[in-house]
Amino acid sequence: MTNFSRRTFARLFGATAAASSLPLPALAAGFKDAIPQPLTPTTHHFPQGFLWGSATASYQVEGAVNEDGRGPSIWDTFSHTPGKTAFGDTGDVADDHFHRYAEDIQIMKNLGVKTYRFSVAWSRVFPNGSGTPNPRGLDFYNRMLDTLLAAGIQPYCTLYHWDLPQTLQDNGGWENRDTAQAFADYAGYTAAHLSDRVKHFMTMNEIRTFVELGYRDGVHAPGLKLTAARVAQLNHYAVLGHGLAVQAIRASAKPGTKVGLAENAIPTAPVIETPEHIEAATRAYRLINASFLTVIMEGRYHDLYLKQLGSDAPKFTAAEMKTIGSPVDFLGLNVYNPAYIRASNSEKGYEVVPSPASYPHMYSPWLEFGPEGIYWSPKLATKLWNVKEIFITENGASSTDVLTPEGEVYDTDRVMFLRNYLTQLHRAVSEGVPVKGYFLWSLLDNYEWADGYSKRFGIHYVDFTTQKRTPKLSAKFYKEVIARNGLA
Ligand code: GBH
C-alpha cells in the first residue's frame, strides 16, 4: 500500500484518476511498471575512472564502544551528559557497524561504489590517546579493510573525525600543544599498519567544525565555550597537528601513500556570476576559510585574519608555520551549503549576502540548498592554490525519510538535492577542475552528533531498533549515476 496523498496522487496521475473511484493502491502499484526503462538517455557524463564513493565516520556508525580495549572519547562523555544531544542519544550502538561491516560492504557492492571513506577511532588504537598502543585496536579495521578489498572497493581513511581520546581532553585537549604531537604519533603508527592496503589518508575532518562547535559554541564535544583568544590558539594547535601528522605519515607509510585532509571549506558562490563578484568570492574563500584551509595551503596566516583577531591572535613560530604548510597530495572538500558573496568597497573587498527567510533548506535547518557550492569550492581552491587533485569528501542531505509499510522511502528531496549538486559538480569537472572523486554522505543513516538519530543523512534507511537497512529512492538514484557514470 502506498501512502500518496490525494494531492500528490493527482499531480502524478492527473485529477481525473485521483477523483475516480479506483482505489489508490491499484493505481499506485501500476506506477512502477508505467515508467519506461530508460526514461531518458544519460546526461552529464563524468570522465572515465571517476571515483564514485560514499563516506561514514567511526563514532557515527561503529557502536561497540567498550569492545576490544577501546578507550573513551570526548563524544562518549559528551553524549552521556544529560541535555547535550537530542533525546540524549549516544553512539553506544549507532549502526552497529563494528559487527555488521560485512553486510554494509555488501550494501556498497550492490550500490556499485568504487571507494569508501571511513575513519579510524583514535581511542581504539591508543585508548589513552598516546603511550602504549592497544594491540587489538586495529583488528577491526584490518578485518574491515580485507573485506572491502575483496569486494573491489578502495579505502580512503580519515584519521580524526572528532572522537578525541578522553584522556587527552583531561589534559587540555586541543588547547594543549602535546595533543598535536600525540595525534601525529597515532597517525604515523596507524598509517604504518594500514598503508599496505590504504593508499589515501586524510589527517583530519573539518577542523573548523570541531574547533568552533566543540570549543567555542559548546554544542559539540567537549562542550566548551572558550574565549576568542583561546579558540584561536587551539585552532593553531589543531592545524599544527595536521601538519605534524602529514610528516609522520610520510615518514612511516609505504612509498606512494597519498596524504591530504577533508575540510569543510565554506563554498563562496558569487551571487551573480559576473567578474567583479567572482573576484569577490575568490577573496572571500581565502578569508572565510583562513583559520584552517588557507593557512594549511599557504603556510602563513592571512593578514586580515590576524588583524581581525588583534590581541586574540594565536602565538606561533616560523617552524610551526612551515609544518602547518607541509605540502599535501590532495585536497578533500566537504560541500554542504555555500555563502553567497558580492563585491563591496570594504577592506575585505566582499560581503556575504544574507538569505531571506524563504530560502529553501533541507531537514537540517542549517543545510540551505545551494548546488553552486560544489562548483565554486573546488574551482576557487584550484585557482588560488593550484591544487592538482581534489575529492569531494562529503556531500549529502537530511530528509524526513518515512519508511512506508511496503519498505520504500520516497526521499525525493534528497534526490533533487543530489541531482542538482552533481550537475554543478559536472560543470566543474568539464571545465578541467581536477575533481577525481565524490563521496556521498552518507551510506547509512547514522549518529548525527548533537542531533542524535533525529536527522537522517543516509541513502539507506536504518531502523535503529532492528538495525535493518533499506535502500531509499536516493540509493536507487545513486546506483544509476554510478552505473552510467553520469546523471540519469
Ligand atoms: C559534516 O559536517 C560532518 O563531517 C559529518 O560528520 C556530518 O554527519 C555531516 O556533515 C552532516 O552534518 O546546527 O547551527 O550548530 C558538516 C558541517 C558544520 C554542519 C556545522 C552543521 C552546525 C550548524 N557542519 N553545522 S548548527
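Structure's up top.
Residues numbered from 1 in each chain as written. Predicted model: local features only at pLDDT ≥ 70, side-chain atom pairs only at ≥ 80, totals over all residues. Heavy atoms only, no water.

**Student:** Just to check I follow, could you spell out the sheet that holds strand S9 (residues 350-352) for this structure?
**Tutor:** The strands that make up a sheet are held in pairs by hydrogen bonds between backbone atoms, and each pair lies either parallel or antiparallel. If you trace the 3 strands from one edge of the open sheet to the other, you get S6-S8-S9, paired in mixed fashion. Strands with a single pairing partner mark the edges of an open sheet, and in this sheet they are strand S6 (268-270) and S9. When the angles between neighbouring strand axes are averaged without regard to direction, this sheet yields 40°. Sheet topology note: the S6/strand S8 (residues 339-343) ladder contains 3 bridges and is parallel. Residue proline 270 lies in a different strand from S8, and its bridge partner there is isoleucine 341. Sitting on the sheet, helix H13 (residues 275-288) is in contact with S6, S8 and S9, with an inclination near 125° to S8. (Pairing = 2+ DSSP bridges. Helix = DSSP H or I, 4+ residues; strand = E, 2+ residues; numbered from the N terminus. Axes fitted to C-alpha atoms, helices over the stretch in contact; angles between N-to-C directions. Contact = heavy atoms within 4.5 Å.)

**Student:** Can you help me understand the environment of alanine 319 in this one?
**Tutor:** With respect to the secondary-structure elements, alanine 319 resides in helix H16 (residues 318-324). Sequence separation of alanine 319 and arginine 427 is 108 residues, and the distance between their C-alpha atoms is 40 Å.

**Student:** Help me out: how do you make sense of the sheet that holds strand S3 (residues 154-160) in this one?
**Tutor:** Pairing within the closed barrel is parallel, and its 8 strands lie in the order S1-S2-S3-S4-S5-S7-S10-S11. When strand polarity is set aside, the average angle formed by the axes of neighbouring strands in this sheet is 25°. Two strands pair when backbone bridges link them, and strand S5 (residues 258-263) and strand S7 (residues 330-334) are joined in this way by 4 bridges, in the parallel orientation. Within S7, the residue paired with alanine 262 across the bridge is glycine 332. On top of the sheet, helix H19 (residues 473-484) reaches strand S1 (51-55) and strand S11 (435-441); it is set at about 155° to S1, its chief contact.

**Student:** Whenever I open this one, the pairing of strand S10 (residues 390-395) confuses me. Can you help?
**Tutor:** Within a regular strand, the side chains alternate between the two sheet faces. Counting buried positions along S10 gives 6 out of 6 residues, so the element sits mostly inside the fold. In the sheet, S7 pairs with S10 via 4 bridges, with the strands oriented parallel. The residue bridging asparagine 334 from the neighbouring strand is glutamate 394, located in S10. Pairing of S10 with S11 involves 4 bridges; the strand directions are parallel. (Buried < 20%, exposed > 50% of the residue type's maximum accessible area, 1.4 Å probe, protein only.)

**Student:** Could you clarify how one ought to interpret the site of the ligand in this entry?
**Tutor:** Taken together, 15 residues form the shell around the ligand, and within it Gln60, His161, Glu206, Glu448 and Trp449 come nearest. Asparagine 205 has a polar side-chain atom sitting 2.9 Å from an oxygen atom of the ligand. For the ligand, an oxygen atom lies 2.9 Å from a polar atom in the side chain of glutamate 394. Notes on the ligand: free accessible area 580 Å², of which the protein chains cover 74%. When atoms are counted within 2 Å of each cavity's grid points, the one that captures over half of the ligand is the second largest pocket. Broken down by class, the residue content of the shell around the ligand amounts to 7 nonpolar, 5 polar and 3 charged. (Near = heavy atom within 4 Å. Polar contact = N/O pair within 3.5 Å; in protein donor to acceptor, adjacent residues only side chain to side chain. Areas by Shrake-Rupley, 256 points an atom, 1.4 Å probe, with all protein chains shown as cover. 1 Å grid on protein atoms, 1.4 Å probe; cavity = no way out; pocket = protein on both sides within 12 Å on 5 of 7 lines; lining within 4 Å. Sits in = over half its atoms within 2 Å of the grid points. Nonpolar A, V, L, I, M, F, W, Y, C, P; charged D, E, K, R; others polar.)

**Student:** When you look at the pattern of salt bridges in this model, what are you seeing that I'm missing?
**Tutor:** Side chains that differ in charge, positive against negative, can pair when their charged atoms come close. Under the defined criterion, the tally for this structure stands at 29 salt bridges. Across the salt bridge formed by arginine 70 and aspartate 76, the nearest N and O atoms sit 3.0 Å from each other. We note that arginine 70, like aspartate 76, is buried. The partner of arginine 208 in a salt bridge is glutamate 212, with the nearest N and O atoms 3.7 Å apart. Taken together, the residues span about one helical turn, with arginine 208 and glutamate 212 both in helix H11 (residues 207-216) at a distance of 4 residues. One connected set of salt bridges, linked through shared partners, spans Asp401, Asp411, Arg414, Asp445, Arg456 and Lys472. (Salt bridge = Lys/Arg side-chain N within 4 Å of Asp/Glu carboxyl O.)

**Student:** Explain unusual backbone geometry to me, please; I cannot follow it from the model alone.
**Tutor:** Working note: non-glycine residues mostly have negative phi, and peptide bonds are mostly trans. For the bond running from alanine 221 to proline 222, omega is 5°, close enough to zero to count as cis. The omega torsion across tryptophan 441 and serine 442 is 10°, close enough to zero to call that bond cis. Mapped onto the elements, serine 442 comes out in the loop between S11 and strand S12 (460-462). Despite not being glycine, phenylalanine 87 has its phi angle at roughly 55°, a positive value. Mapped onto the secondary structure, phenylalanine 87 falls in the loop between helix H5 (74-79) and helix H6 (97-111).

**Student:** Sorry, what's going on with the packing of aromatic side chains here?
**Tutor:** The description of two aromatic rings rests on the distance between their centres and on the angle between their planes. Applying the stated criterion across every chain, the model contains 47 aromatic pairs. The interplanar angle of 70° and the centroid separation of 6.0 Å between the aromatic rings of phenylalanine 369 and tyrosine 421 together place this pair among those described as edge-to-face. With phenylalanine 369 in the loop between S9 and helix H17 (373-385) and tyrosine 421 in helix H18 (residues 412-430), the pair connects residues that are 52 residues apart, well separated along the chain. Under the relative-accessibility criterion, tyrosine 421 is labelled buried at 0%. Above the plane of the ring of tyrosine 375 lies arginine 427, whose end atom (NZ or CZ) is 3.6 Å from the centre. Here lysine 455 stacks its cationic end above the ring of tyrosine 363, 4.4 Å away from the centre of that ring. (Phe/Tyr/Trp six-rings, centres within 6.5 Å; stacked < 30°, edge-to-face > 60°. Lys NZ or Arg CZ within 6 Å of the ring centre and 35° of its normal.)

**Student:** Would you mind showing me how to read empty space enclosed by the protein here?
**Tutor:** Empty space among the atoms can be located by rolling a probe the size of a water molecule over them. For the coordinates displayed, the defined rule picks out 2 cavities of 30 Å³ or more. Empty space within the largest cavity amounts to approximately 40 Å³. Taken together, Thr56, Ala57, Ser58, Val61, Glu62, His97, Tyr116, Phe118, Ser119, Phe140, Tyr141 and Met144 make up the full set of residues lining the largest cavity. Looking at the lining of the largest cavity, the elements that each hand over two or more residues are helix H4 (58-61), strand S2 (115-119) and helix H8 (139-150). Its residues assigned to classes, the lining of the largest cavity shows 7 nonpolar, 4 polar and 1 charged. Around the second largest cavity sit Ser58, Tyr59, Glu62, Gly63, Val65, Arg70, Ala121, Arg124 and Asp163, which together line it. Grouping the constituent residues of the lining of the second largest cavity by class yields 3 nonpolar, 2 polar and 4 charged. (Points joined across faces, edges and corners; volume = space filled by probe spheres on them.)

**Student:** Looking at this structure, I do not really get the nonpolar core. What am I missing?
**Tutor:** Looking at soluble globular proteins, one finds that nonpolar side chains tend to be buried together. Ranked by internal contacts, the top residues of the largest apolar core, which has 148 residues, are Trp122, Trp174, Leu333, Leu425, Tyr438 and Tyr478. Tallying contributions element by element places helix H12 (residues 228-252) first for this core, with 12 residues. The contacts of tyrosine 438, once residues within four sequence positions are left out, are Phe50, Leu51, Trp52, Gly53, Ile374, Ile392, Asn395, Leu418, Leu422, Leu425 and Tyr478. (Core = buried A, V, L, I, M, F, W, Y, C linked by side-chain atoms within 4.5 Å.)

**Student:** Could you clarify how one ought to interpret H8 in this entry?
**Tutor:** Residues spaced three or four apart along an α-helix point in a common direction, a consequence of the helix completing one turn every 3.6 residues. For H8, with 12 residues, the first-to-last C-alpha span of 17 Å sits near the 16 Å given by 1.5 Å per residue. Those residues of H8 that fall on the buried side of the exposure criterion are Phe140, Tyr141, Met144, Leu145 and Leu148. Seen along its axis, H8 keeps its buried residues to an arc of 120°; they face one direction. Two residues or fewer after H8 comes glycine 152, characterised by a positive phi angle close to 80°. (Expected span 1.5 Å × (residues − 1). Arc of directions from axis to C-beta.)

In short, shape yes, function no, at least from these values alone.
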